[in-house]
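Coordinates in review
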Amino acid sequence: MAEKETKNSVGNNIPKGNKKNPGGAKFTPKFNPIYIYGILLLAFFAINYYTNSGTPVETSWQEVKNTMLKNGDIAKIVVVNKSQSDIFLKEGSYEKYKSKLDQGFGSPAKVGPHFFFTIGSVDVFEKNLESAQAEFGDNAKVTLTYETRVNYFSEVMGWLLFPLIMLAIWFWFYRRMSKGGGGGGNIFNVGKSQAKIFDKESRVSTTFKEVAGLAEAKQEIEEIVEFLKNPDRYTKLGGKIPKGALLVGPPGTGKTLLAKAVAGEADVPFFSMSGSDFVEMFVGVGASRVRDLFKQAKEKAPCIVFIDEIDAIGRARGRNPNMGSNDERENTLNQLLTEMDGFDTNSGVIILGATNRADILDRALMRAGRFDRQIHVELPDVIDRKEIFLVHLRPLTLSEDVNVNFLAKQTPGFSGADIANVCNEAALIAARKQKTKVEKQDFLDAVDRIVGGLEKKNKIITADEKAIIAYHEAGHATVSWLLEHAHPLVKVTIVPRGKALGAAWYLPEERQITTREQMLDEVCATLGGRAAETVVFSKISSGAQNDLEKVTKTAYSMICYFGMSDKVGNVSYYDSSGQSDYSFNKPYSEKTAELIDAEIKELIDIAFSRAKDILIKNAEGHKQLAELLLEREVIFTEDMEHIFGPRPWGKKKEEDNPLKEDDTQPTSLESEITKV
Ligand code: ADP
Ligand code: ZN
């Protein structure tokens with residue numbers, strides 16, 4: 001498992017031991033005015049407690065009248081706030097009541113008041129007292145006074161309580177929102193940038209060696225490193241160093257990794273921040289953070305500022321004017337634009353941005369002089385995938401049957417992050433099975449798991465349902481097997497996984513353009529499931545919903561985006577800028593809309609009847625396949641070949657494959673690794 005650790009540290013953004021202290025500065029507990037308030041409050045409580053020590057003991061009128069007044073023990077009665085009577089005993093009588101008065105810590109002071117009782121109304125009390133005095137005579141003579149007493153403590157607390165609670169809530173929110181970033185969660189640092197700084201002490205150790213594939217992107221970005229290392233070489237000739245570069249590509253393709261590699265190789269401080277770190281609920285905070293970030297960066301120049309997910313702030317302005325909350329983001333973006341204009345080109349600050357949605361970014365952000373360069377980082381092709389595998393296989397202990405070419409071929413459409421994940425999962429699966437080496441099967445399981453989700457072996461499925469699922473999946477497999485342009489099948493399963501009850505898995509070919517025939521065959525194969533249900537059971541089920549959704553989308557894009565319908569013509573209503581002004585109105589007339597609907601329906605209908613024809617013609621094979629599925633739950637290409645014979649067009653495709661080397665031989669990782 002030691003290997004796992006090293007692998008993870010590659011994926012981890014922050015070098016170990018640097019987590020707590022991203023600024024690299026020594027942590028000293030800052031003196032904070034908030035402490036003073038705390039101390040004052042404590043003092044207030046303390047004073048209040050000690051001055052008020054000793055409270056009178058509660059008693060009742062009966063007791064007062066029948067014991068104290070009768071025996072002439074009372075010196076004075078003070079009516080406080082018209083609601084309470086405090087009783088002061090005569091000095092000589094104090095001893096008599098000592099047992100009652102002894103309340104331990106809170107006993108009344110010797111000077112009194114010693115007892116109190118609550119009165120309903122002053123009038124009644126006075127009348128009662130008079131009659132008692134008439135009854136007991138001289139004994140019951142007392143001094144009666146009235147007093148209005150204000151309890152400052154509770155008065156003040158009453159006034160303060162609400163603001164205090166508000167303050168506490170506010171404070172708590174601030175804490176939550178500033179997420180303990182650069183400001184250390186301090187309420188007074190909200191406007192400071194939350195950037196993580198990696199400089200001399202806290203090295204970024206990522207190098208370009210760890211970034212596999214991405215040859216073009218790497219070349220572009222290596223040039224930026226050159227700029228920072230030898231600016232003179234470029235400025236001498238009168239050239240200007242670019243201010244920024246935007247890394248654009250789908251998630252997980254290594255944009256962050258590239259940026260980190262720049263920092264690691266360039267030997268300059270690296271500020272890393274995510275676009276969403278700028279966004280705060282409070283007005284003006286984002287802009288102030290941008291300002292602060294650039295101020296810090298200029299102090300540390302030459303340096304690199306990396307803003308991940310820049311679309312969080314860089315989204316085009318002026319969209320959705322009905323949503324007022326955009327104002328704050330716009331201010332932040334404006335500040336960013338101003339800052340990028342504001343500093344001198346040769347000041348040595350280079351800004352890298354990363355996004356997977358370059359299309360929604362504000363155009364002002366992309367014009368020359370800001371992010372002059374756009375570097376596209378695409379999903380890796382089979383050769384790049386092989387290289388990425390080699391990077392991530394390095395820390396694993398591999399069995400001989402693992403072949404890196406095979407793995408690269410099995411993972412079309414996977415991003416670098418997916419591949420890293422496959423390697424990690426495979427190691428975990430192998431460890432769970434107590435293996436000493438990671439085997440080929442572990443990798444296949446990992447791929448399955450990442451593509452399809454967790455197996456749900458104990459989902460309850462009735463025998464009838466199972467038959468429907470088996471025929472449905474066998475339908476997909478049969479149709480796709482017998483269509484020239486459909487993707488080659490890898491396996492069919494009726495083991496429920498994630499949300500799906502069964503699945504036919506294909507190996508998509510690496511291709512840059514897709515022809516009409518290929519798309520039609522795809523649609524036909526996708527309809528194979530529903531077609532099988534119709535042909536075999538003459539009943540249809542809800543199980544095809546996912547298929548139908550896919551088919552509808554493909555058909556729609558064929559007609560509306562790729563201009564593949566003769567009747568609609570060579571038009572494309574796709575808006576690649578993502579900034580369409582007709583988001584609510586279709587850019588075509590009602591008549592065209594009807595035509596599009598009709599064309600979609602026709603396309604799908606034709607494909608459906610083709611699928612049905614294939615299934616009827618190959619009913620025997622379809623049945624065999626479904627029964628095999630019911631028996632074994634998983635079947636592979638070999639079983640398909642067994643039933644239908646080899647696909648005649650399979651051979652040709654194999655020859656086009658860029659990784660022609662034999663992929664059944666074990667990979668000698670040593671020799672492969674030295675190549676990268
Ligand atoms: P994003 O493009 O979303 O910023 P990241 O750079 O965060 O993607 O990539 C996530 C992880 O995927 C990386 O930490 C790395 O382990 C792996 N990875 C992605 N692309 C590559 C690549 N080209 N070479 C090696 N590893 C990669
Ligand atoms: Zn299906």
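The structure we're discussing is the one just above.
Residues numbered from 1 in each chain as written. Chains lettered and ligands numbered in written order. Predicted model: local features only at pLDDT ≥ 70, side-chain atom pairs only at ≥ 80, totals over all residues. Heavy atoms only, no water.

Turning our eyes to something else, we now look at the sheet that holds strand β1 (residues 57-58). If you trace the five strands from one edge of the open sheet to the other, you get β1-β4-β3-β2-β5, paired in mixed fashion. Looking at strand neighbours, the two that pair on one side only are β1 and β5 (143-147), the edges of this open sheet. Direction of pairing for strand β3 (residues 84-89) relative to strand β4 (residues 115-118): antiparallel, over a ladder of four bridges. The residue of β4 that forms the bridge with Ile87 is Phe115. (Pairing = 2+ DSSP bridges. Helix = DSSP H or I, 4+ residues; strand = E, 2+ residues; numbered from the N terminus.)

According to the stated counting rule, one finds nine aromatic pairs in the structure shown. Ring geometry for Tyr556 and Tyr561: centres 5.7 Å apart, planes at 90°, overall edge-to-face. Overall, Tyr556 belongs to the partly exposed group, its relative accessible area being 31%. We classify Tyr561 as partly exposed; its relative accessible area is 29%. Taken together through their ring pairs, the aromatic side chains of Trp61, Phe117 and Phe125 make up a single cluster. One Lys or Arg, Lys76, reaches over the ring of Phe88 and ends 4.5 Å from the middle of that ring. When the ring centre of Phe406 is taken as origin, the NZ or CZ atom of Lys440, which lies over that ring, is 4.2 Å away. (Phe/Tyr/Trp six-rings, centres within 6.5 Å; stacked < 30°, edge-to-face > 60°. Buried < 20%, exposed > 50% of the residue type's maximum accessible area, 1.4 Å probe, protein only. Lys NZ or Arg CZ within 6 Å of the ring centre and 35° of its normal.)

A contiguous nonpolar surface patch, about 880 Å² in accessible area, is contributed by Leu41, Phe44, Phe45, Val150, Tyr152, Val156, Leu160, Leu164, Leu167 and Trp170. If you list the elements that add at least two residues to the nonpolar patch, you get α2 (33-51) and α6 (152-178). Summarising the element assignment, Val156 is placed in helix α6. (Patch = residues over 30% accessible without salt bridge, like charges linked within 9 Å, V, L, I, M, F, W, Y side chains within 5 Å. Areas by Shrake-Rupley, 256 points an atom, 1.4 Å probe, with all protein chains shown as cover. Salt bridge = Lys/Arg side-chain N within 4 Å of Asp/Glu carboxyl O.)

Around ligand 1, a shell composed of 17 residues is seen, among which Ala212, Gly252, Lys255, Thr256 and His392 lie nearest. A distance of 2.4 Å is found between an oxygen atom of ligand 1 and a side-chain nitrogen or oxygen belonging to Thr256. His392 is positioned with one of its side-chain polar atoms (N or O) 2.9 Å from a nitrogen atom of ligand 1. Considering ligand 1 on its own, with 560 Å² of exposed area, one finds that the protein chains cover 86% of that surface. Broken down by secondary-structure element, the contributors of at least two residues to the shell around ligand 1 are α9 (255-266), α14 (382-393) and α16 (416-432). Class assignment for the residues of the shell around ligand 1 results in eight nonpolar, seven polar and two charged. (Near = heavy atom within 4 Å. Polar contact = N/O pair within 3.5 Å; in protein donor to acceptor, adjacent residues only side chain to side chain. Nonpolar A, V, L, I, M, F, W, Y, C, P; charged D, E, K, R; others polar.)

Our next topic: unusual backbone geometry. Note: most peptide bonds trans; most residues except glycine with negative phi. You will see that Lys82, though not glycine, has its phi angle at about 60°, which is positive. Residue Lys82 is classed as exposed on the basis of its relative accessible area, which comes to 62%. Its identity as a non-glycine residue notwithstanding, Gln434 has a phi of 60°, on the positive side.

Where helix α18 (residues 463-481) contacts helix α22 (residues 619-632), the axes come no closer than 8 Å and their chain directions differ by 130°. Accordingly, the angle class assigned to the pair α18 and α22 is oblique. Taken as a pair, α18 and α22 cross one another with a handedness that is right-handed. From α18, Lys466, Ala467, Ala470, Tyr471, Glu473, Ala474, Gly475, Ala477 and Thr478 reach across to α22, where they touch His622, Lys623, Leu625, Ala626, Glu627, Leu629 and Leu630. Per-class residue counts for the contact of α18 with α22 are nine nonpolar, three polar and four charged. (Axes fitted to C-alpha atoms, helices over the stretch in contact; angles between N-to-C directions. Parallel < 35°, antiparallel > 145°, perpendicular 65-115°, else oblique. Left-handed = near helix turned anticlockwise from the far one by under 90°. Contact = heavy atoms within 4.5 Å.)

The next point concerns the nonpolar core. One finds Val479, Leu483, Leu527, Ile559 and Ile596 to be the most contacted residues of the largest nonpolar core, which totals 28 residues. Put simply, the parts of the chain that give this core at least two residues each are α19 (516-537), α20 (545-560) and α21 (590-617). The leading source of residues in this core is α21, at 10 residues. Ignoring anything within four residues of it in the chain, the contact list for Val479 reads Cys524, Ala525, Gly528, Ala611, Ile614 and Leu615. Core analysis: the second largest hydrophobic core is formed by 27 residues, Ala266, Phe270, Ala354 and Val377 among them. (Core = buried A, V, L, I, M, F, W, Y, C linked by side-chain atoms within 4.5 Å.)

This next bit is on the environment of Leu390. For Leu390, the location among the structural elements is in helix α14. On the basis of relative accessibility, which here comes to 2%, the residue Leu390 falls in the buried class. Measuring from C-alpha to C-alpha, the distance between Leu390 and Glu210 comes to 9.9 Å, with 180 residues separating the pair along the chain.

Further remarks concern the pattern of salt bridges. Summed over the entire model, instances satisfying the criterion amount to 18 salt bridges. Across the pair Glu439 and Lys435 runs a salt bridge whose closest N-O atoms are separated by 3.2 Å. Judged by relative accessible area, Glu439 falls into the partly exposed class, the value being 29%. Residue Lys435 is classed as partly exposed on the basis of its relative accessible area, which comes to 25%. Between Glu633 and Lys466 there is a salt bridge, with its nearest N and O atoms 2.9 Å apart. Here Glu633, found in the loop between α22 and β14 (634-636), pairs with Lys466, found in helix α18; they are 167 residues apart in sequence, far enough to count as distant. The partly exposed category is assigned to Glu633, whose relative accessible area is 26%.

All right, on to the sheet that holds strand β12 (residues 489-493) then. Taken in spatial order, the three strands line up as β13-β12-β14 in an open sheet, and their pairing is antiparallel. Taken across any chain shown, the strands that pair with only one partner, and hence form the sheet edges, are β13 (503-506) and β14. On average, each strand axis in the sheet is inclined to that of its neighbour by 15°, with strand direction left out of account. Looking at chain direction, β12 and β14 are connected through three bridges and run antiparallel. Looking at the pairing, Val492 lines up with Ile635 of β14. The sheet contacts of helix α23 (residues 637-644) involve β12 and β14, and relative to β14 the element is tilted by about 70°.

So, to be careful, I would describe these as geometric facts and stop short of saying anything about function.
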